[in-house]
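Structural features, examined
Listed here are the chains, written in short residue letters.
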Amino acid sequence: MNRRDLLKAVAALAPAALTTTIAGRVWAAPATDAKLLVVFLRGAYDAANVLVPVSSSFYYESRPNLAIAKPDVGNPNSAVVLDADWGLHPALRDSLAPLWTNREIAFVPFAGTSDDTTRSHFETQDTIELGQSTKGSRDYRSGFMSRLAAELTRVKPIAFTEQLPLIFRGQAEIPNIALGNVGKPGVDDRQAELIKQMYAKTKLASAVAEGFRVRDEVVKSIADEMTEANRGAVSPRGFELSARRIGRLMREQFNLGFVDVGGWDTHVNQGAATGYLADRLGELGRALAGFREEIGPAAWRDSVVVVISEFGRTFRENGDRGTDHGHGSVYWVLGGGLNGGRIAGEQIKVAQPSLFENRDYPVLTDYRALFAGLVQRMYGLDAAALQRVFAGVRPADLGLV
Amino acid sequence: MRTNTAGRWSARGSAILGIGIAAIITGGTARAAEISVHDLALIDRLTWGINGSSVAQFQKLGAARWVDQQLHPAADSALPQPVAAQIDAMPDAAGLTPAAINAFQAQGKDADQLTDPEARKTAKQAYQQALNDRAKQAASRSILRALYAPAQLRERMTWFWLNHFNVHQSKAELRLLVGDYEDRAIRAHALGKFGDLLRATLRHPAMLRYLDNAGNANGHLNENYAREIMELHTMGVGSGYTQADVEALAKILTGVGIDLKPEDPKLKPALAPQLVRDGAFEFNPARHDYSDKTFLGHTIRGSGFAEVDEALDLIVHNPATAQHVSRKLATYFVSDEPPQSLIDKMAKAFTASDGDIAQVLAAMIAAPEFDASLKTAERFKDPVGYVYSAVRLAYDDKVVLNTVPIQRWLGRLGEGLYQRQTPDGYPLTATAWNGPGQMMLRFEIARQIGSGSAGLFKPEQADAKDRPAFPLLQNALYFGGLSRTLSSTTRGALDQAISPQDWNTLFLSSPEFMVRQRAEAPHEPS
């Protein structure tokens, strides 16, 4: 290919990228401007210390070292009051408590996998990402967000992860990019074109073409941030930095996103109001608040963020001031247009007889029913479409959107 | 074509250096010109990547003897002298003692106790730096061995088992322990008996710290390690064990932990003979639950550390373990979805040989399914495979003087050494590594490796100078074998390269370099 042909090829590609999906199909108009971000806390976070059952004496008996104190205005290390039964971990006071007041956040306790009780991180993460029944054989090439993307119009999905997660595996090539350390690309346009040429007839052709397109969009978006940094603005780090970048990209480019955060497996010294878990939560809260700020008020009204984890932890603390693998968790739902400020879904008194196998929270709201209910409302999916995403599932309508 | 390309570049000033090296490499690997694509594929499948030296070694021995030496490397299978010299210069190359771990911990505690905030900060930073240096050295040692050890299959297996029995360097003082864990618990048993390997990991402080068994005691159970032994290390999830089995194994493992103190713990006279100590490893009978346990349908009488041996025997000899381990090996070497017939052959060898890893691998290599996979399947390289094979091919046995750029590349590609946070280890299948984001990073790294020495020949010292070096991918091996494995599309793109750097970048970015060599010339689209 000579230079003139090359330029022509580049010119031909540019407009195509705007109107075709990664699968090469032209999409119709969207049903809504809805944006969905799923945040996966890998490692099974200790839900009972985030949404604190402050009215349960059993909670305080079970966690002599780990319990969060009942709400007390004079004690900054006490739970933030949500209602008579529930409080919020104090590490989330500054970042997320204001969202509760604005009704922009809701918590769904006793949520998780109703049919997977392996208590294995990896097995249960796979279960959730695949979103398939655990009965029968699994199709590891079909994640539920990938199936959801296939049902939507004008969808621009992306995983903000180093590797393409199971949840987005499927027929279409979904791009992935980790936003922690994005630099200026060294492979120039001419090389990019030659590389695309080499892959044109291979299975990776669309992955490579899509990769270059997303790379350029991300670099463009992050250029603004560099300018701000050059003006002396303090740059956030870690997950907060990534979440702010996600907010910016989802405001302008993408509307279906997935990101994961590790470090939640706390078998030892997890801490209580302060300590290891509190530090993780503080960063997560700042990240979510940062995402909200960057995506901006207009897009935030159409956005839903769901924070999930593979399972909860043992209700009683273990011998190492930590917690072991449990079952039911607490999911968070955030969004500018949310009917929030409440604890949603089926609930049960937090006491010893309510525990599943006398060790952990039961699952009363299945993750698939929860997501099915949410996306049905968000995107107006009909029953047949919903069945293609979550076969055999009856959606739970929690009235959140 | 060959002379033309070489001629075009030799006219360029920037390529003069490359030609000098080319002459040396060509001299050493003249025989590479005669290698068949099938032999290329076999070597590439069992090593960290094809290069002139490995081809020369293969041709000297012949296929059968070469495979046999890879499966059973001689005790004196020595590293090349410049590699050995770099490793010997590392402070913990000879092993880690409890006293050395103690000294490190004391340094950390001393730093914490300083009252002056500035001095405390400086001392803490120095302590963290010292820990970081140890992890970096461990990674460096690992990389040097992977690139240059003649016993290549043992190095592949070392990485495989390190991943199978994963630990994460960021927890506690693990940065200090990972190098010793790799060298003495993993590499030493990488081609030996699986049971010995499992026991070596169980007795290493890195594992006991990482999966929290150091805190597991009677009345203060911590199930973490017990669960992962069965789920990840041996039988596999869904193989029939129950939550009750996990709790029973956790009780069996009470008292299995770490002790860095020189003196023995104070024990009642009746318990004293039960104490087991070995370096930093300790079985403390005072922390053990002596009740009888029911484990995998067997009764294990409360008897101390003997319970652990009894339980491990049950696990290792469970047919699920032979299947689980064989499936994982076949996935790593053969295909994302290895045929069950192959796994069964390997599992049979596992059972017949009491878990002899070399025999399981021999069964795999001898199976027709393995040979078929050389011809038809594409084994996509994971990031470690990708980076190591690129550096091996680009520099052959010219030993790099600094592995930090390699460590950085692996980290960016999401497969850094000792950096997998979770105990499942990095995924082995292609789908985890061939997404758009990963491919973009690979092309960037291809450019860095292909454009010059990339810091690989600049020793990590304050005033060190970069030694002259240039990656030479268009070498005798390329013309004598690899070029025949490229599609016409790839060759067409390579023909448009405007410099040796550009050619290298494109070659390392090519679809053919993302997978292990195939034992057939490419199928050209008509």
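The model shown is predicted, which means the values in this text are computed figures rather than measured ones.

1. Here's the deal with the pairing of strand β8 (residues 303-309) of chain A
Residue and element names in this part refer to chain A. The element β8 is extensively covered by neighbouring structure, given that 7 of its 7 residues are classed as buried. Alternating residues of β8 divide into Ser303, Val305, Val307 and Ser309 and Val304, Val306 and Ile308, and every residue in both groups is buried. In the sheet, strand β1 (residues 35-41) pairs with β8 via 7 bridges, with the strands oriented parallel. Residue lysine 35 lies in a different strand from β8, and its bridge partner there is serine 303. When β8 meets strand β9 (residues 329-334), the two strands line up antiparallel, connected through 3 bridges. Looking at the pairing, valine 305 lines up with leucine 334 of β9.

2. Quick word on the interface of chain A and chain B
With 46 residues of chain A in contact, the opposing surface of chain B contributes 53 residues. Taking both partners together, chain A and chain B bury about 4000 Å²; carbon and sulfur atoms supply 56% of that area. Three residues, A:Phe122, A:Gln163 and A:Met198, lead the burial of chain A against chain B; their summed loss comes to 17% of the area buried on that side. Scanning the region where chain A abuts chain B turns up 4 salt bridges. Notably, a salt bridge pairs B:Glu223 with A:Arg359, separated by 2.9 Å at the nearest N-O pair. For the pair chain A and chain B, the interface holds 19 residue pairs in polar contact (both at pLDDT 80 or more). Along the lines of polarity and charge, the residues of the side of chain A that touches chain B split into 16 nonpolar, 17 polar and 13 charged.

3. Description of the sheet that holds strand β4 (residues 87-88) of chain A
All names here are of chain A. Strand order in the open sheet made by the 3 strands is β2-β4-β3, with antiparallel pairing throughout. Two strands close off the open sheet at either side, each with one partner strand: β2 (51-52) and β3 (80-81). In the sheet, β3 pairs with β4 via 2 bridges, with the strands oriented antiparallel. Among the inter-strand pairings, valine 81 is bridged to a residue of β4, identified as glycine 87.

4. What about the pairing of β9(A)?
All names here are of chain A. Where burial is concerned, most of β9 is hidden: 6 out of the 6 residues are buried. In β9, alternate side chains face the same way, and those of Ser329, Tyr331 and Val333 on one face and Val330, Trp332 and Leu334 on the other are all buried. The pairing of strand β5 (residues 105-112) with β9 spans 5 bridges and is antiparallel. Across the sheet, the residue bridging to valine 108 is tyrosine 331, located in β9.

5. Observations regarding the packing of helix α3 (residues 37-46) of chain B against helix α9 (residues 152-164) of chain B
Residue and element names in this part refer to chain B. At a closest axis distance of 8 Å, the pairing of α3 and α9 adopts a crossing angle of 45°. The angle between α3 and α9 places the two elements in the oblique class. Here α3 contributes Asp44, Arg45 and Leu46 to the contact with α9, which in turn contributes Gln152, Leu153 and Arg156.

6. Considerations on the environment of B:Ala103
All names here are of chain B. Summarising the element assignment, alanine 103 is placed in helix α7 (residues 98-113). Judged by relative accessible area, which is 47%, alanine 103 ranks as partly exposed. Note: C-alpha distance between alanine 103 and phenylalanine 350 (247 residues apart in sequence) is 42 Å.

7. Some details on the nonpolar core
Ranked by internal contacts, the top residues of the largest apolar core, which has 162 residues, are B:Met157, B:Trp161 and B:Tyr388. Among the elements that make up this core, the one with the highest residue count is helix α8 (residues 117-148) of chain B (10 residues). Setting aside residues no more than four positions away along its own chain, B:Tyr388 makes contact with B:Trp48, B:Ile143, B:Ala146, B:Leu147, B:Ile406, B:Leu410 and B:Leu417. Counting residues in hydrophobic clusters, the runner-up holds 64 residues, among them A:Leu37, A:Ile68, A:Trp264 and A:Phe315.

8. Side note on the sheet that holds strand β3 (residues 281-283) of chain B
Residues and elements named next belong to chain B. Overall, antiparallel pairing links the 3 strands, which are arranged β1-β3-β2 in an open sheet. Looking at which strands have only one partner, the edges of the open sheet turn out to be β1 (256-258) and β2 (276-278). The sheet shows a mean angle of 20° between the axes of neighbouring strands, taken without regard to direction. Taken together, the 3 bridges between β2 and β3 define a ladder with antiparallel strand orientation. The residue of β3 that forms the bridge with arginine 277 is glutamate 282.

9. With respect to helix α10 (residues 174-186) of chain B
Residue and element names in this part refer to chain B. Its 13 residues give α10 an end-to-end C-alpha distance of only 15 Å, which falls more than 12% under 18 Å, the value for a rise of 1.5 Å per residue. Bending of α10 peaks at approximately 35° at the position of aspartate 180. Within α10, 12 of the 13 residues are buried, leaving the element largely enclosed by the surrounding structure. Considered for burial, the residues of α10 that qualify are Leu174, Arg175, Leu176, Leu177, Val178, Gly179, Asp180, Tyr181, Glu182, Asp183, Ala185 and Ile186.

10. Regarding the packing of helix α11 (residues 194-202) of chain B against helix α15 (residues 306-316) of chain B
All names here are of chain B. Running from N to C, α11 and α15 point in directions that differ by 135°, and their axes come no closer than 11 Å. By the angle class used here, α11 and α15 are oblique. Where α11 crosses over α15, the handedness of that crossing is right-handed. Across from Phe194, Gly195, Leu198, Arg199 and Leu202 in α11, the residues of α15 making contact are Val308, Asp309, Leu312, Asp313 and Val316.

11. Observations concerning unusual backbone geometry
In this structure, A:Ala44 takes a positive phi of about 65° despite not being glycine. Position of A:Ala44 relative to the elements: it lies in the loop between β1 and β2. Taking the relative accessible area as the measure of exposure, A:Ala44 reaches 0% and is therefore buried. Notably, B:Asp212 is not glycine yet its phi reads approximately 70°, a positive angle. With respect to the helices, strands and loops of the structure, B:Asp212 is situated in the loop between α12 (205-210) and α13 (224-233). Residue classification places B:Asp212 among the buried positions, given a relative accessible area of 5%.

The rules behind each value
- Residues numbered from 1 in each chain as written.
- Chains lettered and ligands numbered in written order.
- Predicted model: local features only at pLDDT ≥ 70, side-chain atom pairs only at ≥ 80, totals over all residues.
- Heavy atoms only, no water.
- Buried < 20%, exposed > 50% of the residue type's maximum accessible area, 1.4 Å probe, protein only.
- Helix = DSSP H or I, 4+ residues; strand = E, 2+ residues; numbered from the N terminus.
- Pairing = 2+ DSSP bridges.
- Contact = heavy atoms within 4.5 Å.
- Buried area = accessible area lost by both parts, 1.4 Å probe.
- Salt bridge = Lys/Arg side-chain N within 4 Å of Asp/Glu carboxyl O.
- Polar contact = N/O pair within 3.5 Å; in protein donor to acceptor, adjacent residues only side chain to side chain.
- Nonpolar A, V, L, I, M, F, W, Y, C, P; charged D, E, K, R; others polar.
- Axes fitted to C-alpha atoms, helices over the stretch in contact; angles between N-to-C directions.
- Parallel < 35°, antiparallel > 145°, perpendicular 65-115°, else oblique.
- Core = buried A, V, L, I, M, F, W, Y, C linked by side-chain atoms within 4.5 Å.
- Expected span 1.5 Å × (residues − 1).
- Bend = angle between axes of the 7 residues up to and from the residue.
- Left-handed = near helix turned anticlockwise from the far one by under 90°.

Shape descriptors only; they carry no functional weight alone.
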